[in-house]
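# Close look at the chain arrangement
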Amino acid sequence: VRDFLLFFISRFQSGLGMQMINVAVGWLVYDMTGSALSLGFVGLAMFVPNLAFILVAGYVADRYERRRVLIACYVLLTVATMGLYLGVILKVLTVKLIYALVVLIGTARAFTSPAAAALVPNIVPKEIFASAVALNSSASQTAVIIGPALGGLIYIAGPDIVFLTTAVMFIACILCLFAMKPRPAAALKNKVTWESVTAGFRFIRTNQILMGTISLDLFAVLLGGATALMPIFAKDIFNTGPVGLGLLRSAPAVGAVTTAFLLAYFAMNHKVGLRMFQAVACFGLATIGFGLSSNMYMAMFFLACLGAADMVSIYIRSTLVQTETPDEMRGRVSAVNSVFIGASNELGEFESGVLAHFTSPVIAVLIGGVGTLGITGLWMKLFPDLRNRNRLVE
């Protein structure tokens, strides 16, 4: 499917760019401050726009052509990344300015997520949608493998080179989207009202399958997220540099992309609810293993296991959210979903940074892993419909 190929390439390019920015910004902030709390605030700066624009972003994705929404988002990402580049070469980049530009990047991502998720069902037939979800996820996860390592390697030449390279990647995304065929916006032409804007929340609240799936990911990964602490593990525990940080950040994606390709060709469609709970439990166990790792190679192994488990959860959640939702509501439902995912990642990074600040990085990771296991057991009791869900696409 030609348009899906172009979309696939754009997602890979944007994922690659975002991972390179994450490595460069994380290392730069920790190098400037030496503070775990400052790293936590990077995650918070990325998350706040997701929360602030949750209602607007979903409504925009349902009212306007989703391809054009994505183009506008990549333009904003290019501008913010060039701001980081100019700040470095002009020697005016401060921690506060980094936070401000990260907020711009987070704003672009807030609108990108629902528009991109809602666009996929419009460009592939429903019978191959689950495979398209897995392939789309593999593009992002492959970028997560290559991006951090590439970002760490390029960082040796300077953070300005990293930011300039990522700006070029976002421009490539814009060109791919321009090459796609325009598709009419969803049939949401009614007057803007509070009821229409918040319809995504109400739909999820009344659907126990979606409510359980999305909230499980929110709380489990919120507690189990250790990504923000990787610069500390790389520099202070494993005594390595930016390249080592890139390898650590790439490790989860090694497991994830391998799993994604397997799921693309061997679709999971049996006891999917139980499989999701098992995957989240494995995520918690792998988080504990990472926290207890005595060297970087052991840590990379557990991070790869963590990524494989997370990919199973992503695959099931993404497919359920899109196939259970009418097209005219996909943007708003995807916006809520993306905020939950954003909360479990960016807000989870903030939580990890704060906890590490008052305890230690290792203790923060261990508490998160144990908390993930507890959430998994509790959610199995609270959402029996999800636990008993058999087929992925009914």
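Overview of the structure. (Residues numbered from 1 in each chain as written. Predicted model: local features only at pLDDT ≥ 70, side-chain atom pairs only at ≥ 80, totals over all residues. Heavy atoms only, no water.)

### Regarding the overall build of the protein chain
Rule in force here: Each helix is a run of DSSP H or I of at least 4 residues and each strand a run of E of at least 2, with the numbering of both proceeding from the N terminus. It is over C-alpha atoms that the radius of gyration is taken, and the globule rule equals 2.2 Å times the number of residues to the power 0.38. Accessible area is worked out with a 1.4 Å probe on protein chains only. A residue is then buried under 20% of its type maximum, exposed over 50%, and partly exposed in between.
Helices and strands together make up the secondary structure of the protein chain, namely 17 helices and 0 strands. Here the C-alpha radius of gyration of the protein chain, 20 Å, is about what a compact globule of 394 residues would show, namely 21 Å. Its C-alpha atoms give the protein chain principal-axis dimensions of roughly 50 × 45 × 40 Å. Among the 394 residues that make up the protein chain, the fraction classed as buried is 59%.

### Quick notes on the packing of helix α1 (residues 2–33) against helix α2 (residues 36–52)
Selection rule: Geometry is summarised by axes, namely lines fitted to C-alpha atoms with helices restricted to the contacting stretch, and by angles between N-to-C directions that run from 0 to 180 degrees. Note on convention: the crossing is left-handed when the near helix lies turned anticlockwise from the far helix by less than a right angle, right-handed when the turn is clockwise. Any two residues whose heavy atoms approach within 4.5 Å at even a single point are treated as in contact. By the convention adopted, Pro, Cys, Tyr, Trp, Phe, Met, Ile, Leu, Val and Ala count as nonpolar, Lys, Arg, Asp and Glu as charged, and the other residues, Gly among them, as polar.
Relative orientation of the contacting elements α1 and α2 amounts to 145°, with a least axis distance of 8 Å. As α1 packs across α2, the resulting crossing turns out to be right-handed. Touching Met18, Asn22, Val25, Gly26, Val29, Tyr30 and Thr33 of α1 are Ala36, Ser38, Leu39, Val42 and Met46, all from α2. Of the residues that constitute the contact of α1 with α2, the class distribution is 8 nonpolar, 4 polar and no charged.

### Notes on the packing of aromatic side chains
Note the cut-off: Pairing of aromatic side chains here covers Phe, Tyr and the six-membered ring of Trp, requires ring centres within 6.5 Å, and sorts the geometry by plane angle: under 30 degrees stacked, over 60 edge-to-face, intermediate tilted.
Under the definition given, this model contains 9 aromatic pairs. Seen in terms of ring centroids, Phe4 and Phe8 are 6.3 Å apart; in terms of plane orientation they differ by 50°. Their pairing is tilted. One end of the pair, Phe4, and the other, Phe8, are both in helix α1, 4 residues apart, so they sit about a helical turn from each other. Since its relative accessible area comes to 10%, Phe4 is described here as buried. When the centroid spacing of 6.0 Å and the interplanar angle of 40° are considered together, the rings of Trp379 and Phe383 count as tilted.

### Considerations on the nonpolar core
How we decide: Put simply, buried Ala, Val, Leu, Ile, Met, Phe, Trp, Tyr and Cys residues joined by side-chain atoms within 4.5 Å make one nonpolar core.
Within the largest apolar cluster, 84 residues are counted, with the highest numbers of intra-cluster contacts made by Phe7 and Val25. Discounting chain neighbours no more than four positions away, the residues touching Val25 are Val42, Leu84, Ile98, Val102 and Phe163.

### A look at helix α4 (residues 66–89)
Spelled out, the test is: Each helix should span, by expectation, one fewer than its residue count multiplied by 1.5 Å.
Relative to the 34 Å expected for 24 residues at 1.5 Å per residue, α4 spans 35 Å between its end C-alpha atoms, a close match to the ideal helical length. Two residues or fewer after α4 comes Lys91, characterised by a positive phi angle close to 60°.

### Points about the packing of α1 against helix α7 (residues 159–179)
As a reminder, the rule being used: Orientation categories follow fixed angle ranges, with anything under 35 degrees roughly parallel, anything over 145 roughly antiparallel, 65 to 115 roughly perpendicular, and all other angles oblique.
At a minimum axis distance of 9 Å, the contact between α1 and α7 shows a crossing angle of 160°. One finds that α1 runs roughly antiparallel with respect to α7. By crossing handedness, the relation of α1 to α7 is classed as left-handed. Along the lines of polarity and charge, the residues of the contact of α1 with α7 split into 19 nonpolar, 6 polar and 1 charged.

### Thoughts on α7
Over its 21 residues, α7 extends 31 Å from the first C-alpha to the last, a length consistent with the 30 Å expected when each residue adds 1.5 Å. By the burial criterion, the buried members of α7 are Pro159, Asp160, Val162, Phe163, Thr166, Ala167, Met169, Phe170, Cys173, Ile174, Cys176 and Leu177.

### Side note on a nonpolar patch on the surface
The cut-off we apply is this: The patch calculation keeps residues exceeding 30% relative accessible area without a salt bridge and links them within 9 Å when they carry like charges or within 5 Å when they are nonpolar (Val, Leu, Ile, Met, Phe, Trp, Tyr). What sets the accessible areas is the Shrake-Rupley method with a 1.4 Å probe; for residues, cover comes only from the shown protein chains. A pair is scored as a salt bridge if a Lys or Arg side-chain nitrogen falls within 4 Å of a carboxyl oxygen belonging to Asp or Glu.
On the surface, a cluster of nonpolar side chains totalling about 410 Å² of accessible area is made up of Leu86, Ile89, Leu90, Val92 and Leu97. Within the fold, Ile89 resides in helix α4. Accessibility expressed as a relative area gives 37% for Ile89, which makes it partly exposed.

### Brief notes about unusual backbone geometry
For Asn239, which is not glycine, the phi torsion reads 55° and is therefore positive. As for its placement among the helices and strands, Asn239 is situated in the loop between α11 (230–237) and α12 (242–265). Since its relative accessible area comes to 64%, Asn239 is described here as exposed. Located in the positive-phi region is Lys271, a residue other than glycine, with phi close to 55°.

### With respect to the pattern of salt bridges
Under the criterion given, the structure shown has 6 salt bridges. Note that Asp31 is salt-bridged to Lys235, the shortest N-O span being 3.6 Å. Of this pair, Asp31 sits in helix α1 while Lys235 sits in helix α11, and the two are 204 residues apart along the sequence. Here Glu65 makes a salt bridge to Arg68, at a shortest N to O gap of 3.2 Å. For Glu65, a relative accessible area of 12% corresponds to the buried category. Arg68 gets classed as exposed once you look at its relative accessible area, which sits at 52%. What emerges from the salt-bridge pattern is a single network uniting Glu65, Arg67 and Arg68.

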